[in-house]
Structure formats: structure tokens, C-alpha cells
Amino acid sequence: MKPLPRAAAAHVLVIDDDLDLLRLLSMRLHARGFRVSTATSAEEGLARIAVEPPQLVVSDIRLPGLDGLALFDEIRATRPTLPVILLTAHGTIPDAVQATSRGVFGYLTKPFDSKRLLEKIEQALQLSPLGGNGHEDGTGEAWREDIVFRSSRMAELLEEARVVAASDASVLIRGESGTGKEVLARAIHRASRRARAPFVAINCGAIPEPLLESELFGHVRGAFTGAAKAHAGLFQSADGGTLFLDEIGDMPPALQVKLLRVLQERAVRPVGATRAEPVDVRVLSATHRDLEAAMTEGQFREDLYYRLDVVTLTLPRLDERREDIPLLANSFVQQLAKKYGKPIAGIAPEALEALAVAAWPGNVRQLYNVVEQSCALATTPLIPLTLIQRALRVPALEAMTYAEAKQRFERNYLVQILKLTDGNVADAARLADRNRTEFYRLLQKYELTPAMFRSAPGSSGLAER
Ligand SMILES: Nc1ncnc2c1ncn2[C@@H]1O[C@H](COP(=O)(O)OP(=O)(O)OP(=O)(O)O)[C@@H](O)[C@H]1O
Ligand SMILES: [Mg+2]
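Residues numbered from 1 in each chain as written. Chains lettered and ligands numbered in written order. Predicted model: local features only at pLDDT ≥ 70, side-chain atom pairs only at ≥ 80, totals over all residues.

We now examine the site of ligand 1. Inspection of the region around ligand 1 gives 17 residues, with Val148, Gly180, Lys181, Glu182 and Val364 positioned closest. Of all the elements in the fold, those that place two or more residues in the shell around ligand 1 are helix H7 (181-191) and helix H15 (363-377). Residue composition of the shell around ligand 1, by class: seven nonpolar, six polar and four charged. Shared between two domains, the shell around ligand 1 holds at least three residues of each, these being domain 2 (144-314) and domain 3 (319-392). (Near = placed C-beta within 6 Å. Helix = DSSP H or I, 4+ residues; strand = E, 2+ residues; numbered from the N terminus. Nonpolar A, V, L, I, M, F, W, Y, C, P; charged D, E, K, R; others polar. Domains from an automatic or database assignment.)

Our next topic: the pairing of strand E2 (residues 35-39). For strand E1 (residues 11-15) and E2, the ladder comprises five bridges, and the chain directions are parallel. Looking at the pairing, Val12 lines up with Val36 of E2. Since E1 and E2 lie parallel, the crossover through helix H1 (residues 19-31) that links them has a hand, and here it is right-handed. (Pairing = 2+ DSSP bridges. Right-handed = clockwise from strand over helix to strand, strands pointing away.)

Another aspect to go through is the sheet that holds strand E7 (residues 199-203). A sheet is described by the order of its strands in space; here five strands give the open sequence E7-E10-E13-E6-E14, paired in parallel fashion. On the outer flanks of this sheet lie E7 and strand E14 (311-314), each paired with one strand and no other. For this sheet, the mean inter-axis angle between neighbouring strands, taken without regard to orientation, is 20 degrees. Relative to strand E13 (residues 282-287), strand E10 (residues 242-246) runs parallel, the two being bridged by four bridges. (Axes fitted to C-alpha atoms, helices over the stretch in contact; angles between N-to-C directions.)

Summarising the model, the protein chain shows a mean pLDDT of 87, and 91% of its residues fall at 70 or more. The secondary-structure element of the protein chain with the lowest mean pLDDT is helix H4 (residues 93-101), recorded at 78, while E10 shows the highest, at 97. A low-confidence stretch, residues 1-8 stays under pLDDT 50, and its non-local contacts, those more than four residues away or across chains, total 15 contacts. Note on residues 130-139: pLDDT is under 50 here. Beyond four places in sequence and across chains, it has 18 contacts. (pLDDT = per-residue confidence, 0-100. Contact = placed C-beta atoms within 7 Å.)

We now examine the nonpolar core. Grouped together as the largest cluster of nonpolar side chains are 39 residues, with contacts concentrated most on Ala161, Ile173, Leu184, Ile188, Phe235 and Leu243. Sorting elements by how many residues they give to this core places helix H6 (residues 152-166) first, with six residues. In this view, Phe235 contacts Leu216, Phe217, Leu243, Val262, Val268, Val279 and Val281; residues no more than four positions away in its chain are not counted. By size, the runner-up hydrophobic cluster in this structure holds 35 residues, among which are Leu29, Ala39, Val58 and Tyr107. (Core = buried A, V, L, I, M, F, W, Y, C linked by C-beta atoms within 7 Å. Buried ≥ 20, exposed ≤ 12 C-beta atoms within 10 Å, placed from the backbone.)

If you want it as C-alpha cells, here you go:
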């Protein structure tokens, strides 16, 4: 596997409360071509990481407030792929040793030789495929250009995706319907060393069982009635590349066994063939189902599950990353304006707000559909709130004054009650608990006459009930 190219100027965050040491380290690292930022406490360091994640953190263990170990735990929790190197003074060496077993990349004992530090940094960066965080250099980000996001949830997920992409591990992508499982699968393929080889996707739930086997593994000529020609399966088509098994939870049990064998033996036997052919395929799979439940019910094989689920990536629901909504919506508008050839520039601010707070059971796909419907109907450069509400099926609350709303209510109420009483004012007034004079005054106000409601034969039929 060839190492992914690293960004020219890797960004290193150095945290130490010793200002002299901080200055010295900055100078040395800077001289070696690193981009350096500094912090004098773990808290400040965490803030810097949140604002602009570096490729590497070098931190003293002893710090005021949170110490270096607590800092490391915090980083592990949110950015498991960000390497950390700890600096220890004499008394904290045992802590540092213990920390390496928890995943700290390494430690150096003060006073240390800056050559050793630089070596450690180089090693850590070589192992870490994070060749830049995409904000400052623009290199190496093409793999995820189809994925629009700004939430830290997605940023973290994509960081992990990039790391696993560099390996050949099987990845199970989970997430509710419409959260972007397939876009993520394609992105992982593009970020992997297999990027130039094919990406082949199949929806295991959409193909009838008898066809699925031959679709996946191929068949030889005469394998079954109608098999006039040999047919290469998707595993063979994806050779050297990635096979995406979508809706893996829908795979019939008989085929689960066969799939497991292919994954174990790295070889495929086409239907009707006597020998298996070797294939080199990386498998990504996805499901919106609860595979654990399917396993308990005996619907899904446990051994296959562990083969497929070497690494799990779970896409958050759209309502768990609402900060992505405006960005996604605007990006869809741009795509759709092109598609429909309409000069739509964007979405009105109040309409964007409505999108940002809406319920999204269908996740990103539903957002796309809402924007598409609004674009199709738009007649103005900015998509207005009313169109968005219509697409969201939100009852439009028109901007009315209180007086207007009250009038509308009164008119409707009077009409209802007169319909009920066939235009009998005495009965209507009694139902409304108003005296007749008052009731007549109300009718006058709305230009309603009792005659409109009388269901005499041959009348206008207004009194239908
Ligand atoms: N982060 C994103 N940025 C841009 N487009 C996205 C993003 N996530 C999803 N989409 C778009 O939303 C739609 C649904 O995405 P995708 O098909 O990947 O979802 P899924 O999780 O596979 O859904 P399902 O479970 O229904 O198969 C696609 O049109 C996809 O391009
Ligand atoms: Mg899908």
C-alpha cells in the first residue's frame, strides 16, 4: 500500500505552559517546514483543535488545569485519529508509559533533544494518513467533494473514513435511510489506493434471490436454463477495486454463507463452475437495519457480520447535525437550478430557517426532495418560505394580524352554526349563547343573511350538512 501524500506543511499544535520552551519548539518546528500553533493550557489547546484541527499534537503532561493525560483522553473521545506526543518531566515518566498503552503515539523525557522530537513527529505523521484537514491547503480533499457538511460530527466521521480508507479493512456503514451511506461508500473508495479501479454497487434487497447469486459471483455457460453465455459476476467486475453491498441486511441466508466463503477465501466460484477464481476486492457494506436484532432472530449470520464489520462508520441523522442543513440546501439549489435551467440564486433567509428547524425523518434525501420540489415551482430568484412550507407540508401560517385572525374565525363560526340550524336565527343565537339582537348585529357585520342557509326545495343548496 503506498502512503498517501502528506500536505506540504503539516500543522502541529504544541501545548506547554513553559513559554520559553514553547517559543523554542515553535522555532525549531517552523524551521523544519511545519506550520505551528501553540497553547499554554490543555483547555486552550482543545479550543484550538475545535477551531482548526492540526495533524499532530505535542503536549506537556504537566499543565495547569487539565493535565496532558486528560487532554489526551479528551482528544481520543472526539478525534480518535489525531496523534498525540507527550513531553514528560522526571516525575511523570510512569504516567507517560502507561499513556502509550492507551494510544498516545509516544513520549519524550525532558530535557529532550529536538532531533529526537522531530523524528517522532515525522514517524507519527507518516502513520497518520491525515494529509491536511482540508481547510487551508485544498489538497487531498477531492475524495469527499460530494459530501457537503460543516458539522463537527461529519468532520470527525470523515476523518475516520479517511483513515480506514487507507487500509483494506471491510467497513460497515450504518445510518438511517437517506443519511448518505452510499455517498460515503463512494468517497471511501476514492480515498483508497483502489481509487482508479472500479467501484461496483449492488442493492442486495432489490434483486430476487435466484438472480442474486449469479449477479454477485457470475455463472458459466449452461449453468442453468437460460444461461446461454458465461456471465462475469460483480465480484469479478470489481476486481482490484471496491464492491459496495448495499442493504446487506436483506441478503438471503443461503447467500450469506456463500458470501462469507468468498470473503474468507478471497476467491469466487461462479454458478456452475468447478473451481474458484481469485479476486481482489475490498468490501464495503451498508444497512439501515438493526443487524444485531437480525442476528438474535437468526436472520443474519454472526460470522458474516464480524467479517463485514471490521470497522463501523455510523452516519448521524440529519437532525443531529442541523448546522449542515443550510449548506446542503444551498448546494442542492445550485445543482437543481442547473438541472432545471432556472436562474434560482438561493433560498430566502426565513425559508432557510424553516428548513433548519424542520423534522427530517427522511434525512438528507428528504431535504433534497424538498429543495427539488421548491425549485420546480419557484418563479423568483429566491425560493420563498411559502414554497418551502408547501414542500415540507407545513400548514402555512400566513402573516395575519390578531384582528384579521379573529374576523376569519368569527365568520367561519357563524357560517357553521347557521348551517347547523338551517338559517334559524333564534336557534343559532341560543347555541351561541348570545341574544338575538347581538347575533343579528354579528350577521350584519359579515354580510350574512339567514336566507343563505335555508334549505327550501330548489334553494341554492348552501345548507348541505
Ligand atoms: N453530506 C451530503 N452531501 C451532499 N449530498 C448528500 C449528502 N448526504 C446525502 N446526500 C444525498 O442524499 C441522497 C441520499 O444519499 P444516499 O443514497 O447516500 O443515502 P443512503 O443512506 O444510502 O439512503 P438509503 O438508506 O435510503 O439507501 C443522495 O442524493 C445523496 O447524493
Ligand atoms: Mg443507499
